[in-house]
Protein chains: 2
Amino acid sequence: MLEKVEPRKRRRVTSTDVAREAGVSQSVVSRAFSEDSSVAQATRARIFDVAKRLGYRQNRLARSLITSKSSIFALVTEDFANPLVHRFIASLMHILRSNDHHLLVFGTPPGDHIDSAIENALQYQVDGILVLSGSPSDSILAECHRSAVPVVILARDRGDAPATSVSCDNRYEAQRVANVLVDAGHERFAFVASRIRSLSFSLDREHGFCETILARGFDPAIVVNGESTYAGGYKAGIELLSRPDRPDAIFCSNDSMAIGVLDAARLEFGLEIPRDLSVVGFDDLPMAAWKGYDLTTVRQRIEEIVSTAAEILLDPNYLEQSAWMSRLVPGELVLRGSTRRKSAEDKASMTARRKSG
Amino acid sequence: MLEKVEPRKRRRVTSTDVAREAGVSQSVVSRAFSEDSSVAQATRARIFDVAKRLGYRQNRLARSLITSKSSIFALVTEDFANPLVHRFIASLMHILRSNDHHLLVFGTPPGDHIDSAIENALQYQVDGILVLSGSPSDSILAECHRSAVPVVILARDRGDAPATSVSCDNRYEAQRVANVLVDAGHERFAFVASRIRSLSFSLDREHGFCETILARGFDPAIVVNGESTYAGGYKAGIELLSRPDRPDAIFCSNDSMAIGVLDAARLEFGLEIPRDLSVVGFDDLPMAAWKGYDLTTVRQRIEEIVSTAAEILLDPNYLEQSAWMSRLVPGELVLRGSTRRKSAEDKASMTARRKSG
DNA sequence: CTGAAAGCGCTTACAG
DNA sequence: CTGAAAGCGCTTACAG
């Protein structure tokens, strides 16, 4: 049974209550609760006692009013269904916790522009904004800058936007995938791109892959578009494998699609992987490591991307710098069973790492 | 290039600035921005004009100080790796957006108790708290109640905790799975439970399943524990299928585990699904529908669970009620190819629905 | 080390 | 419809 709470009685315990009860001024209570303030040991102890007894808890919103720091970061994204977004959130939570910061999440309604989410975030006086998908307009970015709210665009190059970005070196990684596939003796290449425009990183991967295939002297890679899901990959797989010039190596813009291609190859065409076809994904989702797929893929170092972004946002001098940064974090090529290899390499290490970017 | 921002110049535009510029008092500006206040049409228009020109934006933290509503809900969880958590977040975002509310996310550091996350949330004057995993102590729940902050425990029965919960009817759904498997002619049953204690719903599923198997006159279901991941399921699958009394129907506490069992059966024992073994999961993650698995599972109606929770939290009278609620939302049994069926049913509808709870 | 006071940016009775 | 004033719960110079 609930004890009834009269609406008008719902007054939170404030520092003034504690002060009265402890026989000190409200300012001392405030100081007692801020680490580096001068309060006599005994006074502080007494205040803590009283606070505990009364159930006092700092009101961090009130505090932010005067410090103009809310200890809140905003994460804005257009695409909550994307599993990668969740890995970013999880990783962010981890880092922010140790800095006593918290994450306020803003999504964009389907039709809307991401600017509206950023606009919202600004109303909450966030200390920084992380953009995970969508392309903020130059004008909203300028607004953020004027309001002294740092913005970092995550997981993809910022392009021409006036903002700082931290992302995987998509182009380089795609080039590497192309080289590995060429070196292993494949001859007909395809790329499965994501149809969604907000995922501009898909383009970098496409370019890196295709330019390398050409540079190595092969016919241009076939490029098809699809939804960036398993179903989209499955469909793209059917499309590609039905062609008279069936590719023997398919690189996909992400793991979900790659797994879709893989299943299409096996279930619809009875192909054996990797004998008849090599498939490579991107991201290294947990599913990529599942025994049933054993997918070769490019791992994004999410922890590193996120901690770099957090560092930038937490840097008190960031806004006084004079240029946007574009930080590229190297990925990791994870070689698994879905790709054919030169026999010499077969017994070699399953994971190649690039140490520096 | 960044225009340099002098730290001391970083003053946000306030309603007072707008007032001065528009030649009205600050209170009128405030009223202009609150829907149902009496401001002359012309005045309001002028204020909006000036506000736009100056780049004014309401400070919602300051506002919350006086209204004592922050329009923020807290989501607290111990388990960010759980894919289900993300589906809840996505669904929540959707609902909160239409109510002009936002989500502040709190995680618990690995060793810590969920209470610390709730404690944190309270400092941010959230309008309500959604608990997604972990078991809040009675004392912290009492605190929340005293502070007039409603708490809803999601996705699992609250047990004895003094709180309201909204969850899938785990026990009933598990009973139904048991009945379906029995009806289809299976004879040796097993349940794969989650080893993690915070996932108490796993227990409800176990009980519902096991009690029904017994009630239908079969040997008790074999119960094994595992990590609630693909790898955990894979391992549990090997364990179960190596037994002399190998089960012919395995029900798993969630989809990831079920898929692990499925792969173990196929890859390690060469079994054919569902001829040699039926496997059932729980949740209906996207992967369950993948052609390569085609997993029979119990879908949680996440949207319904979340919207029910949001309704409760948004109900202004909630705290004046006199008892905790425990709302059960029916699930949906999704019959797919991983389970054998009575031949009569083979051609029948693939999805059975229970319409009301 | 402590207290009185000002102020952060709002909302909301209360008069006019 | 509008303005002056009080106040939400804090922090932070400033004196003492």
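Residues numbered from 1 in each chain as written. Chains lettered and ligands numbered in written order. Predicted model: local features only at pLDDT ≥ 70, side-chain atom pairs only at ≥ 80, totals over all residues. Heavy atoms only, no water.

## Quick notes on the protein's contact with DNA strand C
Line of reasoning, step 1. In the region of DNA strand C, 26 residues are neighbours, and A:R31, A:S38, A:T43, B:Q26 and B:S30 sit closest.
Line of reasoning, step 2. Here DNA strand C approaches the protein such that, of its atoms within 4 Å, sugar and phosphate make up 59%.
Line of reasoning, step 3. In this structure, A:S27 approaches DNA strand C through a side-chain N or O atom, which is 3.1 Å from a base nitrogen.
Line of reasoning, step 4. In this structure, B:R63 approaches DNA strand C through a side-chain N or O atom, which is 3.0 Å from a phosphate oxygen.
Line of reasoning, step 5. Among the elements of the structure, α2 (26-32) and α4 (60-67) of chain A together with α2 (26-32) and α4 (60-67) of chain B are those that each provide at least two residues to the surface near DNA strand C.
Line of reasoning, step 6. Split into classes, the residues belonging to the surface near DNA strand C amount to 10 nonpolar, 12 polar and four charged. (Near = heavy atom within 4 Å. Polar contact = N/O pair within 3.5 Å; in protein donor to acceptor, adjacent residues only side chain to side chain. Helix = DSSP H or I, 4+ residues; strand = E, 2+ residues; numbered from the N terminus. Nonpolar A, V, L, I, M, F, W, Y, C, P; charged D, E, K, R; others polar.)

## Here's the deal with the relation of the copies chain B and chain A
Line of reasoning, step 1. Placing chain B over chain A gives an RMSD of 0.0 Å and needs a rotation angle of 180°, together with 0.0 Å of translation along the axis. In symmetry terms, the pair is related by a two-fold rotation axis. No C-alpha of chain B approaches the rotation axis more nearly than that of B:L104, which lies at 2.2 Å.
Line of reasoning, step 2. Comparing contact sets, 100% of the residues at the interface of chain B also lie at the interface in chain A, consistent with an isologous, same-surface contact. (Least-squares fit on C-alpha atoms with pLDDT ≥ 70 in both. Contact = heavy atoms within 4.5 Å.)

## What to know about the sheet that holds strand β4 (residues 151-154) of chain B
Line of reasoning, step 1. Spatially, β11(A)-β5(A)-β4(A)-β3(A)-β1(A)-β2(A)-β2(B)-β1(B)-β3(B)-β4(B)-β5(B)-β11(B) is the arrangement adopted by the 12 strands of the open sheet, whose pairing is mixed. Because the sheet does not close on itself, it has two edges, and the strands there are β11 (326-329) of chain A together with β11 (326-329) of chain B. Neighbouring strand axes in the sheet, compared pairwise and without regard to direction, differ in orientation by 25° on average.
Line of reasoning, step 2. Sheet topology note: the strand β4 (residues 151-154) of chain A/strand β5 (residues 164-168) of chain A ladder contains three bridges and is parallel. (Pairing = 2+ DSSP bridges. Axes fitted to C-alpha atoms, helices over the stretch in contact; angles between N-to-C directions.)

## Quick notes on helix α10 (residues 230-241) of chain B
All names here are of chain B.
Line of reasoning, step 1. Its 12 residues place the ends of α10 16 Å apart at the C-alpha level, agreeing with the 16 Å of an ideal helix rising 1.5 Å per residue.
Line of reasoning, step 2. Within α10, burial applies to Y230, G232, G233, Y234, A236, G237, L240 and L241.
Line of reasoning, step 3. Residues of α10 that are buried sit in contact with β6 (189-194), β7 (222-226), β8 (249-252) and α11 (255-269). (Expected span 1.5 Å × (residues − 1). Buried < 20%, exposed > 50% of the residue type's maximum accessible area, 1.4 Å probe, protein only.)

## Some remarks on the protein's contact with DNA strand D
Line of reasoning, step 1. The environment of DNA strand D is made up of 26 residues, and the closest members are A:Q26, A:S30, B:R31, B:S38 and B:T43.
Line of reasoning, step 2. At the protein interface, 59% of the atoms of DNA strand D within 4 Å belong to sugar or phosphate.
Line of reasoning, step 3. Interatomic distance of 2.8 Å between a side-chain N/O atom of A:S15 and a phosphate oxygen of DNA strand D.
Line of reasoning, step 4. B:R31 is positioned with one of its side-chain polar atoms (N or O) 2.4 Å from a base oxygen of DNA strand D.
Line of reasoning, step 5. Mapped by element, the contributors of at least two residues to the surface near DNA strand D are α2 and α4 of chain A together with α2 and α4 of chain B.

## Regarding the pairing of strand β9 (residues 278-283) of chain A
All names here are of chain A.
Line of reasoning, step 1. Most of β9 sits inside the fold, with six of its six residues counted as buried.
Line of reasoning, step 2. Pairing geometry for strand β8 (residues 249-252) and β9, over three bridges, is parallel. Residue pairing across strands places A249 opposite S278, the latter belonging to β9.
Line of reasoning, step 3. Between the parallel pair β8 and β9, the chain is carried across by helix α11 (residues 255-269), and the sense of this crossover is right-handed.
Line of reasoning, step 4. In this sheet, strand β10 (residues 296-299) lies alongside β9 in parallel orientation, the contact comprising four bridges. The partner of D283 across the bridge, within β10, is R299. (Right-handed = clockwise from strand over helix to strand, strands pointing away.)

## Topic: the side chain of B:R205
Line of reasoning, step 1. Mapped onto the fold, B:R205 is located in helix α9 (residues 201-215).
Line of reasoning, step 2. Despite its burial, B:R205 pairs with no opposite charge, the nearest such side chain being B:D283 at 4.2 Å. (Lys, Arg positive; Asp, Glu negative; His and termini not counted. Salt bridge = Lys/Arg side-chain N within 4 Å of Asp/Glu carboxyl O.)

## Focus: the interface of chain B and chain A
Line of reasoning, step 1. With 68 residues of chain B at the interface, the matching set in chain A holds 68 residues.
Line of reasoning, step 2. The contact between chain B and chain A buries some 6600 Å² in all, and 61% of this surface belongs to carbon and sulfur atoms.
Line of reasoning, step 3. Taken together, the links from chain B to chain A amount to four salt bridges.
Line of reasoning, step 4. Salt-bridge contacts for A:E143 lead to B:R57; the nearest nitrogen and oxygen are separated by 2.9 Å.
Line of reasoning, step 5. Along the contact surface separating chain B from chain A lie 17 residue pairs in polar contact (both at pLDDT 80 or more). (Buried area = accessible area lost by both parts, 1.4 Å probe.)

## So, a nonpolar patch on the surface
Line of reasoning, step 1. There is a patch of nonpolar side chains on the surface, built from A:L65, A:I66, B:L65 and B:I66 and spanning about 460 Å² of accessible area.
Line of reasoning, step 2. Going through the elements one at a time, α4 of chain A together with α4 of chain B are the ones with two or more residues in the nonpolar patch.
Line of reasoning, step 3. As for its placement among the helices and strands, A:I66 is situated in helix α4.
Line of reasoning, step 4. Residue classification places A:I66 among the exposed residues on the basis of a relative accessible area of 75%. (Patch = residues over 30% accessible without salt bridge, like charges linked within 9 Å, V, L, I, M, F, W, Y side chains within 5 Å. Areas by Shrake-Rupley, 256 points an atom, 1.4 Å probe, with all protein chains shown as cover.)

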